[in-house]
Amino acid sequence: MSDKSASNAMWGGRFAAGPDAIMEAINASIGFDRRLARQDIDGSRAHAAMLAAQGIISDKDAAAIREGLLTVLSEIEAGTFDFSTALEDIHMNVEARLRDLIGEAAGRLHTARSRNDQVAVDFRLWVRDQCDAAEAGLVALQKALLGQAEQGADWVMPGFTHLQTAQPVTWGHHMMAYVEMFGRDRSRFADARARMNESPLGAAALAGTPFPIDREATARALGFDRPMANSLDAVSARDFALEFLSAASICAMHLSRLAEELVIWSSAQFRFVAMSDRWSTGSSIMPQKRNPDAAELLRAKIGRIFGANVALMTVMKGLPLAYSKDMQEDKEQVFDAADTLMLALAAMTGMVGDMAAQPDNLRAAASAGFSTATDLADWLVREAGLPFRDAHHATGALVAEAERRGCDLPDLPLEAMQAVNPAITGDVYSVLGVDNSVASRLSYGGTAPDQVRAQIARWRADLG
């Protein structure tokens, strides 16, 4: 066997051409960074306009570059562009096609620029767009939750700790908890966007350029607040992508918690909500089942976003300044995480908008499980003057008596209560109903329907 044949056998069938094919495959990024085409062309158009304004290239060449880039973009958007793995990445693919279209002038586009600052600006623009998309997706989800909260502002349901019945709350209050969570998620994306809104363009390879460029002009043209102040940092920073992934991970965690509740609530054991057929499937052998598949799939897909965050952190953790080829591995994870987040937001918005809460079942569950025990303890403190710890102990004894009798607290006879503490009067029953319980929680942010409606109005005004 010849040396070449032995080499081919070692590399395996897929890479029968040998090491050169493997190197091309590992080095090329066009399979995924083609998603940066619009951002790459936007950056190039801004750069070309600046070069002409500074007298670095002629107006004629700048005009040819501008028109040629628009042609390239139209070909890409139409799906007729021929992407080449041999040309490695989106930058070289665009530049090669530009040269086909306009000739020698295309070679002047790369004056005072490197692929290092070029990819940095492309990626930053793309991630900035994803922050805006996440903001829009979160607003839609918040509005769906507000619709549910308005409908059930005074529907009583059990509030849980440890997934055990704790105190009565309202359906509207529970929905508004998620409105608050997703509001914080919006603020995290907004904060990340503000921090990343600086332009790396003009940093060149790592040290800047001797050409008399105007970085303020290109920053303005691309919607950045300012150019980045250090050229080394400009080409080596990927914390903007990590911050997006961090915000996405926290948002994903909130989505997963809500998905988990939908899975639990739609079960036969709870029957708190009925999920729409659009977001459920049946069983292949059990005709009685309606499976909350969309919620379950969302709950699982969240792991992809968490994984992307860890993966990119791992890529970046050991890199010296400035650019290293490792950083080519920054994009696929972010692309996938952004796609997954937007899909999850859209699915959750659909599920929340379509789901039908079951008020009678919510009320029945709230009225069971001794959910007003804390109200009883509070009454003993206020009306009977007991220290809270003594009131807690007396209430525990009354719960035990109710369990022995097989009833709930509001059904205990007064004489049974007075046997535990003679200071108890008939007035105690006024606090043992679930409606009275929730109506009494008038502290700011509490579950009382009036408080819930005030919070709904506040958020309606904020979201428009």
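Before reading further, recall that the structure is shown in the block above.
The shown structure was predicted, so the numbers you read here are calculated from the model rather than taken from an experiment.

Student: Help me out: how do you make sense of the overall build of the chain in this one?
Tutor: Assigned secondary structure in the chain consists of 19 helices and eight strands. For the chain, whose C-alpha radius of gyration is 31 Å, the value lies well above the compact-globule estimate of 23 Å for 464 residues. Viewed in the frame of its principal axes, the chain has a C-alpha envelope of about 100 × 60 × 40 Å. Within the chain, contacts between residues at least 6 apart in sequence are counted, and of these 73% link residues at least 24 apart. Taken as a whole, the chain presents about 21500 Å² of accessible surface, with 53% of it coming from carbon and sulfur. Charge centroids of the chain, computed over 45 positive and 60 negative side chains, lie 2 Å from each other.

Student: Sorry, what's going on with the nonpolar core here?
Tutor: If you look at soluble globular proteins, the nonpolar side chains tend to sit buried side by side. Judged by nonpolar contacts, the single largest core of 98 residues is most densely connected at Trp171, Phe189, Leu255 and Met348. Among the elements that make up this core, the one with the highest residue count is helix 11 (residues 239-265) (16 residues).

Student: I keep staring at the pattern of salt bridges and nothing clicks. Help me out?
Tutor: Two side chains carrying opposite charge are able to pair once their charged atoms lie near each other. For the structure on display, the rule yields 28 salt bridges. With a shortest N-O distance of 3.4 Å, Arg38 and Asp42 are connected by a salt bridge. Placement of both Arg38 and Asp42 in helix 4 (residues 37-53) is noted, with a separation of four residues, approximately one turn of the helix. Note on Arg38: relative accessible area 38%, which makes it partly exposed. With its nearest N and O atoms 3.2 Å apart, the salt bridge here joins Glu88 to Arg115. One end of the pair, Glu88, is in the loop between helix 5 (59-78) and helix 6 (90-102); the other, Arg115, is in helix 7 (residues 115-151), with 27 residues separating them in the sequence.

Student: It is not clear to me how the pairing of strand 2 (residues 164-170) should be interpreted in this structure. Could you clarify?
Tutor: Both faces of the sheet carry side chains from a regular strand, because those side chains alternate between them. Examined bridge by bridge, strand 1 (residues 156-161) and strand 2 share six bridges and lie antiparallel to one another. Across the sheet, the residue bridging to Val156 is Thr170, located in strand 2.

Student: Just checking my understanding: could you explain helix 4 for this structure?
Tutor: Since there are 3.6 residues in each turn of an α-helix, residues three or four apart along the chain are aligned in direction. An ideal rise of 1.5 Å per residue puts 24 Å on 17 residues; helix 4 measures up with 24 Å between its terminal C-alpha atoms. Turning to helix 4, its buried residues number three or more, namely Ala37, Gln39, Asp40, Ile41, Gly43, Ser44, Ala46, His47, Ala48, Met50, Leu51 and Ala52. On its buried face, helix 4 sits against helix 3 (30-33), helix 5, helix 6, helix 7 and helix 9 (215-221). Gly55 occupies a position one or two residues after helix 4 and carries a positive phi of about 75°.

Student: Help me understand unusual backbone geometry in this model?
Tutor: For residues that are not glycine, phi is negative in most cases, and the peptide bond is trans in most cases. Between Leu321 and Ala322 the backbone carries a cis peptide bond, its omega angle lying at 10°. Checked against the element boundaries, Ala322 lands in the loop between helix 12 (293-316) and helix 13 (331-354). Although it is not a glycine, Glu88 adopts a positive phi angle of roughly 75°. Non-glycine residue His162 carries a positive phi angle of around 60°.

Student: What is the right way to look at the environment of Asp89 in this model?
Tutor: Note that Asp89 resides in the loop between helix 5 and helix 6. When the C-alpha positions of Asp89 and Arg34 are compared, they lie 7.4 Å apart, and in sequence the two are 55 residues distant. Apart from the residues within four sequence positions on either side, Asp89 is in contact with Ser29, Ile30, Asp33 and Arg115. Reaching out from Asp89, the side chain makes a polar contact with the side chain of Arg115 at a distance of 2.7 Å.

Student: Please explain the environment of Ile250 as it appears in this structure.
Tutor: Relative to the elements of secondary structure, Ile250 occurs in helix 11. Judged by its relative accessible area of 31%, Ile250 falls in the partly exposed class. Linking Ile250 and Phe306, residues 56 residues apart in sequence, is a C-alpha distance of 8.8 Å. Among all residues touching Ile250, those that are not within four sequence positions of it are Asp185 and Arg188.

Student: Please explain the packing of aromatic side chains as it appears in this structure.
Tutor: Aromatic rings in a pair are described by how distant their centres are and how their planes are angled relative to each other. Evaluation of the coordinates by the stated rule reveals eleven aromatic pairs. On the basis of an interplanar angle of 55° and a centroid distance of 4.7 Å, the ring pair of Phe81 and Phe83 is categorised as tilted. Ring centres 6.2 Å apart and planes at 25° place the aromatic pair Tyr178 and Phe182 in the stacked group. Taken as a pair, Tyr178 and Phe182 lie in helix 8 (residues 171-196) at a separation of four residues, close to a single helical turn. As far as burial versus exposure is concerned, Tyr178 and Phe182 are alike and both buried. Cluster of aromatic residues (ring-pair linked, three or more members): Phe160, Trp171, Trp265, Phe270 and Phe272.

What counts, and at which threshold
Every chain is numbered on its own, with residues counted from 1 as its sequence reads. Only residues with pLDDT of at least 70 get local features here, since the model is predicted, and only at 80 or more are side-chain atom pairs given and counted; chain-wide, interface and lining totals rely on the full set of residues. Hydrogens and waters are ignored; side-chain quantities use all the structure's heavy atoms. A helix here means a DSSP run of H or I that spans at least four residues, while a strand means a run of E at least two residues long, and both kinds are numbered starting from the N terminus. Atoms counted for the radius of gyration: C-alpha only. Globule rule: 2.2 Å times residue count to the power 0.38. Any pair of residues with heavy atoms lying within 4.5 Å of one another is described as a contacting pair. Here, Shrake-Rupley sampling with a 1.4 Å probe gives the accessible areas, and only protein chains in the shown set may cover a residue. We treat Lys and Arg as the positive residues and Asp and Glu as the negative residues; His and chain ends play no part in the count. Taken as the charge centre is NZ of Lys, CZ of Arg, CG of Asp or CD of Glu, depending on the residue. We define the nonpolar core as a collection of buried residues of types Ala, Val, Leu, Ile, Met, Phe, Trp, Tyr and Cys that are connected through side-chain atoms lying within 4.5 Å of one another. Accessibility here uses a 1.4 Å probe with only protein chains present; expressed as a share of the type maximum, an area under 20% marks a residue as buried, one over 50% as exposed, and anything in between as partly exposed. A pair is scored as a salt bridge if a Lys or Arg side-chain nitrogen falls within 4 Å of a carboxyl oxygen belonging to Asp or Glu. Two strands are said to pair when DSSP picks up at least two bridges between them. Multiply 1.5 Å by the residue count of a helix minus one, and that product is the helix's expected span. Contacts described as polar in this section are N or O atom pairs within 3.5 Å, which, within protein, must combine one atom able to donate a hydrogen with one able to accept it, while residues neighboring in sequence count only if both atoms come from side chains. Between rings of Phe, Tyr and Trp, where Trp is taken as its six-membered ring, a pair exists when centres lie within 6.5 Å; planes separated by under 30 degrees are stacked, by over 60 edge-to-face, and by other angles tilted.

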